[in-house]
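Residue strings, one per chain:
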Amino acid sequence: GDSVTQMEGPVTLSEEAFLTINCTYTATGYPSLFWYVQYPGEGLQLLLKATKADDKGSNKGFEATYRKETTSFHLEKGSVQVSDSAVYFCALSPTGTASKLTFGTGTRLQVTL
Amino acid sequence: GAGVSQTPSNKVTEKGKYVELRCDPISGHTALYWYRQSLGQGPEFLIYFQGTGAADDSGLPNDRFFAVRPEGSVSTLKIQRTERGDSAVYLCASRPTGGWTEAFFGQGTRLTVV
């Protein structure tokens, strides 16, 4: 079945550092890929998405590119802020739908001054 | 408008008891999902409703778990004969239908079985 593997945390960075959180997936066909974020005390929020190979999703300075050849969707940000401290989840859904999301285990990011 | 609302936010119950968890989706959203998130894990799919009917219940772990959505809006997740392993955060999400649209999540109900 479908699965998502993301790097374990916690990841601790200083403000303005470069961020990469790795995510790889296993799925049949061409799934849609997502990054969700969970800020402390809040619900899951969609951060960005990509629905086909080579698409780049971006939002709030974060980017991720759908790489079919490496089955990856790594999350990057050039300069993190303290306010980016949260748990980040990589997820996929079957082709063309959001009927069921399969999530990774989450990566906690802690950004310090 | 209001987001997805889940009640209660916390529930502590004794092993063997019956519990109901409620989800109020965003008004007009026809698709509704339940997920379960155990400590240190990502959310795990349980069931998906399209309107009043369960379109996919493949994630329900066993027959102690059941969910309904009788009028196509509010949904209730029901757990019978609770076990300590059922302790988790239960998340609800909703989205409109038509193409791909974002699913909006509630803040979850934290269930603790003692």
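Residues numbered from 1 in each chain as written. Chains lettered and ligands numbered in written order. Predicted model: local features only at pLDDT ≥ 70, side-chain atom pairs only at ≥ 80, totals over all residues. Heavy atoms only, no water.

Asks: Would you mind going over unusual backbone geometry with me for this structure?
Replies: Glycine aside, residues mostly have negative phi, and peptide bonds are mostly found in the trans state. All names here are of chain A. Between Gly9 and Pro10 the backbone carries a cis peptide bond, its omega angle lying at 0°. The residue Pro10 is located in the loop between strand 1 (3-6) and strand 2 (11-14) in this model. One non-glycine residue, Asp54, lies in the positive phi region at around 75°. With respect to the helices and strands, Asp54 occurs in the loop between strand 6 (45-50) and strand 7 (56-59). Owing to a relative accessible area of 54%, Asp54 belongs among the exposed residues under this scheme. If you check the backbone angles, Lys60 has positive phi at about 55° while not being a glycine. By the element assignment, Lys60 lies in the loop between strand 7 and strand 8 (62-65). (Helix = DSSP H or I, 4+ residues; strand = E, 2+ residues; numbered from the N terminus. Buried < 20%, exposed > 50% of the residue type's maximum accessible area, 1.4 Å probe, protein only.)

Asks: Help me understand the nonpolar core, please; the structure alone is not making it clear to me.
Replies: It is characteristic of soluble globular proteins that their nonpolar side chains tend to be buried jointly. One finds Leu19(A), Trp35(A), Leu47(A), Leu48(A), Phe73(A), Leu75(A) and Tyr88(A) to be the most contacted residues of the largest nonpolar core, which totals 26 residues. For this core, the elements supplying multiple residues, two or more each, are strand 2, strand 3 (19-21), strand 4 (23-26), strand 5 (32-38), strand 6, strand 8, strand 10 (86-93) and strand 12 (107-112) of chain A. Residue contributions to this core peak at four residues, all from strand 10 of chain A. Dropping the residues within four chain positions of it, Phe73(A) is found in contact with Cys23(A), Leu33(A), Phe34(A), Trp35(A), Leu48(A), Lys49(A), Ala50(A), Ala64(A), Thr65(A), Tyr66(A) and Cys90(A). In this structure, Val4(B), Val19(B), Ile47(B) and Leu77(B) belong to the second largest nonpolar core, which totals 20 residues. (Core = buried A, V, L, I, M, F, W, Y, C linked by side-chain atoms within 4.5 Å. Contact = heavy atoms within 4.5 Å.)

Asks: What is the right way to look at the interface of chain B and chain A in this model?
Replies: Size of an interface, as often reported, equals the accessible area lost when the parts are brought together. Listed per partner, the contact involves 20 residues of chain B and 18 residues of chain A. For the pairing of chain B and chain A, the buried interface totals around 1,500 Å² over both sides, and the portion due to carbon and sulfur atoms is 60%. Joining chain B to chain A, the criterion identifies one salt bridge. With its nearest N and O atoms 3.8 Å apart, the salt bridge here joins Asp56(B) to Lys100(A). Counting the contacts that link chain B with chain A gives one residue pair in polar contact (both at pLDDT 80 or more). Looking at the side of chain B that touches chain A, the elements with two or more residues in it are strand 4 (31-37), strand 5 (44-50) and strand 9 (88-95) of chain B. Grouping the amino acids of the side of chain B that touches chain A by side-chain chemistry returns nine nonpolar, eight polar and three charged. (Buried area = accessible area lost by both parts, 1.4 Å probe. Salt bridge = Lys/Arg side-chain N within 4 Å of Asp/Glu carboxyl O. Polar contact = N/O pair within 3.5 Å; in protein donor to acceptor, adjacent residues only side chain to side chain. Nonpolar A, V, L, I, M, F, W, Y, C, P; charged D, E, K, R; others polar.)

Asks: Would you mind showing me how to read the environment of Met7(A) here?
Replies: Residues and elements named next belong to chain A. Structurally, the position occupied by Met7 is in the loop between strand 1 and strand 2. Residue Met7 is classed as partly exposed on the basis of its relative accessible area of 28%. On a C-alpha basis, the gap between Met7 and Glu42 in space is 22 Å, while along the polypeptide they are 35 residues apart. The contact partners of Met7, leaving out residues within four places of it in the chain, are Thr20, Ile21, Asn22, Gly106 and Thr107.

Asks: Explain the state of the cysteines here, please?
Replies: Working definition of a disulfide: a covalent bond connecting the sulfur atoms of two cysteines. All names here are of chain B. Per the counting criterion, the structure on display carries two disulfides over all chains. Covalently, Cys23 is tied to Cys92 through a disulfide, its sulfur atoms 1.9 Å apart. Every disulfide takes its handedness from the sign of the S-S torsion; for Cys23 and Cys92 that torsion is -70°, giving left-handed. You can see Cys23 sitting in strand 3 (residues 19-24) and its partner Cys92 sitting in strand 9, a full 69 residues away along the chain. (Disulfide = S-S within 2.5 Å.)

Asks: Help me out: how do you make sense of the pattern of salt bridges in this one?
Replies: As a working rule, side chains carrying opposite charge can pair if their charged atoms are close by. All names here are of chain B. Within the structure shown, the criterion is met by eight salt bridges over all chains. Among the salt bridges present, the one from Arg64 reaches Glu83, with a minimum N-O distance of 3.5 Å. Placement of Arg64 in the loop between strand 6 (53-56) and strand 7 (65-68) and of Glu83 in the loop between strand 8 (75-79) and strand 9 is noted, with a sequence separation of 19 residues between them. Take Glu83: its relative accessible area is 40%, and that puts it in the partly exposed class. Through salt bridges with shared partners, a single ionic network connects Arg64, Glu83 and Asp86.

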